[in-house]
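Now for the letters of each chain:
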Amino acid sequence: DTGGMMTIGPEHGDMRPGWGVYVAVDDVDSAADKAETLGGEIIVPAHDIPVGRWAMIKDPAGAVICLYRARV
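Quick caveat: nothing in here was measured; it's all calculated off a predicted structure.

A. A look at the nonpolar core. One finds Val25, Val28, Ala32, Ala35, Ala55, Ile57 and Leu67 forming the largest nonpolar core, which totals 7 residues. Elements with a minimum of two residues in this core: helix H1 (28-37) and strand E3 (52-58). The element that contributes the greatest number of residues to this core is H1, accounting for 3 residues. Not counting chain neighbours up to four residues away, the residues in contact with Ala32 comprise Ile42, Ala55, Ile57 and Leu67.

In structure tokens form, the structure reads like this:
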């Protein structure tokens, strides 16, 4: 039940506007590793951001989602 938006700045290169899907998980690192083990690909490795921790993964068919855990 959370949403957010950000400005695309010069540091994002030629990024196009779009929407991303974030899935809340208990452990971002473990979830990303499991996705990779099951044939997915880690697009953006797990790392901390001001509001939590996240990673971007892609399934074998090419669908992309983000894994997220809020900072407590």
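B. Examining the layout of surface pockets more closely. By volume, the largest pocket amounts to about 1200 Å³. The wall of the largest pocket is formed by 26 residues, among which Gly4, Met5, Met6, Gly20 and Tyr22 lie closest to the centre. Residue contributions to the lining of the largest pocket peak at 4 residues, all from strand E4 (residues 64-70). For the lining of the largest pocket, a count of residues per class yields 19 nonpolar, 5 polar and 2 charged.

C. Spatial organisation of the pairing of E4. Note: strand E1 (residues 22-24) against E4, 3 bridges, orientation parallel. By the bridge assignment, Val23 is partnered in E4 with Leu67. Of the pairings in the sheet, the one linking E3 to E4 comprises 7 bridges and is antiparallel in character. Note on E4: the bridge partner recorded for Gly52 is Ala70.

D. Spatial organisation of the pairing of strand E2 (residues 41-49). Alignment of E2 against E3, held across 6 bridges, turns out to be antiparallel. Counterpart to Glu41 in the pairing with E3 is Lys58.

Reading the values: rules and limits
- Numbering of residues starts from 1 in every chain and runs along the sequence as written.
- Where totals are concerned, whole chains, interfaces and linings use all residues; where local detail is concerned, this predicted model gives features only for residues with pLDDT of at least 70, and gives and counts side-chain atom pairs only at 80 or more.
- Here the side-chain values reflect all heavy atoms present in the structure, with hydrogen atoms and water set aside.
- We call a set of buried Ala, Val, Leu, Ile, Met, Phe, Trp, Tyr and Cys residues a nonpolar core when their side-chain atoms join them within 4.5 Å.
- Think of it in three bands: with a 1.4 Å probe and only protein chains considered, a residue is buried below 20% of the maximum accessible area for its type, exposed above 50%, and partly exposed in between.
- By definition, any uninterrupted DSSP run of H or I lasting at least four residues is a helix, any uninterrupted run of E lasting at least two residues is a strand, and each is numbered from the N terminus.
- Working rule for contacts: check all heavy atoms of both residues, and any pair within 4.5 Å makes them a contact.
- Within this scheme a cavity is a closed region of a 1 Å grid, computed over the protein atoms alone, that accommodates a 1.4 Å probe without allowing it to escape, whereas a pocket is open but has protein on both sides within 12 Å along at least five of seven lines; lining residues each have an atom within 4 Å of a point.
- Grid points are joined across faces, edges and corners, and a volume is the space filled by probe spheres set on the points.
- The nonpolar class holds Ala, Val, Leu, Ile, Met, Phe, Trp, Tyr, Cys and Pro. Asp, Glu, Lys and Arg form the charged class, and all remaining residues, Gly among them, are polar.
- DSSP bridges decide pairing: two strands pair if at least two such bridges lie between them.

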